[in-house]
Every structure is written in structure tokens, then in C-alpha cells.
Amino acid sequence: VTWQYSEQPLTEYYPELRAFPWWDPYAHDWLPAKDIEAAYPKIRAEFDAFLEKSGSFNLESDHSLINGGSWKEFLLFEDGMMNETSCEWMPTACEVFGKIKQITGYTTDGKPLESQVTIFQLTPGTHLVPHTGTANDRLTMHLGLIIPDGVSIRVANDTGGWEEGKVILFDDSFEHEVWHK
């Protein structure tokens, strides 16, 4: 297989799809970025309450990607299915994301989409080494909840970051890495 970009060494490659490392999250009617951002104050308040009362992230993320520090996750949806326990803490997030068919929908042959909604926590000193997703048929969206100084993401050759309450959209089939210095 000949890849369009050297930063896209994929298991599955669909050459007919457009390939950009970064995407405009507001340019697509099918992606409710503005609705997600509008819900940010409630989502953040629920997350703050979770941190104050529990603060227990239920999973350690992929250890093979961590070069120092810690990367934990709090799973809200996986493969289109809501995590009931997590959604008790974060009902607004689950309501907002539960309405997005790219998260809770099905393939043409009736299988749940391979989707995920997760809150990630990276401690200071964490570096997620360069890695890629497995296919170029999905985009990854992040909503910044709590963004401390020193956090950045590189996708292909462009480094960016997050803003609290704003979404970013990228193609994780391009090589990417994250730092929390």
C-alpha cells in the first residue's frame, strides 16, 4: 500500500477519504461542536463535583504509549454504549454525546460503531509517545475541560493545544503525541 502521507502508517487505509491532520470542528453540520461547547459549563461543573467527591478515574490508559507520568481515563461511552456508572456523575455530557449518531449509531450491517467518549487525565511530566490510530476513517474530537499550562499536542508536523470549553478536531491516523510538561 502506498500511503498519501508518511505520517499515516495505517492498518486500514481508504484513499478516497480526504486527509488533513487538523480539521475545522465548525465546518461540518454532522458534528455539533457548538452544542458541545455550549454544554461546557454544565459538563465542567459535573466534572468538578466528580473530582471533589470521587476523583477516581476507572482505567489506566495504554501503558505502551506513556513515557513518564500517568495517563488515566474516565469512560463515558464505548462502542456506542453508555457507561451507566460514569454517566451518573456526568449526566449532561452523556446526554449531549448520546445524541450524536457518530457515537451511538450503527454500521450498515447493524453493528455498534467503534466509538468512544472518554475523559483523559495526564499528570505533569507525562509524555505520550508518537503513535497513530489504525485507520483513516474516523476523526478524533477533544473538548478541553481543565487545561493547565504546559499541555500540547502534535499532529503530523503541527503542534497545537487545547482551550477550556473549546473543541479541537484531528485525524488520529496521522502520527500524534501529547505532552504535559
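So, here is what we can say about the structure in this document.

Definitions and limits used
Residues numbered from 1 in each chain as written. Predicted model: local features only at pLDDT ≥ 70, side-chain atom pairs only at ≥ 80, totals over all residues. Heavy atoms only, no water. Disulfide = S-S within 2.5 Å. Buried < 20%, exposed > 50% of the residue type's maximum accessible area, 1.4 Å probe, protein only. Pairing = 2+ DSSP bridges. Helix = DSSP H or I, 4+ residues; strand = E, 2+ residues; numbered from the N terminus. Expected span 1.5 Å × (residues − 1). Arc of directions from axis to C-beta. Contact = heavy atoms within 4.5 Å.

### Re the state of the cysteines
Consideration 1: One pass over the structure, following the stated rule, counts one disulfide.
Consideration 2: There is a disulfide in this structure between Cys 87 and Cys 94, and the S-S distance comes to 1.9 Å. Residues Cys 87 and Cys 94 are joined by a disulfide whose S-S torsion is about -80°; by sign, that bridge is left-handed.
Consideration 3: With a relative accessible area of 4%, Cys 94 lands in the buried category.

### Quick look at the sheet that holds strand 10 (residues 167-170)
Sheets are built from strands that pair by backbone hydrogen bonding, the pairs being arranged parallel or antiparallel.
Consideration 1: Spatial ordering of the open sheet is given by 1-10-7, a layout of three strands whose pairing is antiparallel. For this open sheet the edge positions go to strand 1 (22-23) and strand 7 (140-143), each flanked by a neighbour on one side alone.
Consideration 2: In this sheet, strand 10 lies alongside strand 1 in antiparallel orientation, the contact comprising two bridges. Residue Trp 23 lies in a different strand from strand 10, and its bridge partner there is Leu 169.

### Re helix 2 (residues 40-53)
Side chains of residues three or four places apart in an α-helix project in the same direction, reflecting 3.6 residues per turn.
Consideration 1: The end-to-end C-alpha distance of helix 2 is 20 Å, a good match for the 20 Å that 14 residues give at a rise of 1.5 Å each.
Consideration 2: Listed in full, the buried residues belonging to helix 2 are Tyr 40, Ile 43, Glu 46, Phe 47 and Phe 50. The buried residues of helix 2 occupy an angular sector of 130° when projected down its axis, which confines them to one face. Of the exposed residues in helix 2, the ones pointing more than 90 degrees away from its buried face are Pro 41, Lys 42, Glu 52 and Lys 53.
Consideration 3: The secondary structure elements touched by the buried residues of helix 2 are helix 1 (33-38), strand 3 (71-78), helix 3 (84-89), helix 4 (91-98), strand 5 (116-122) and strand 7.

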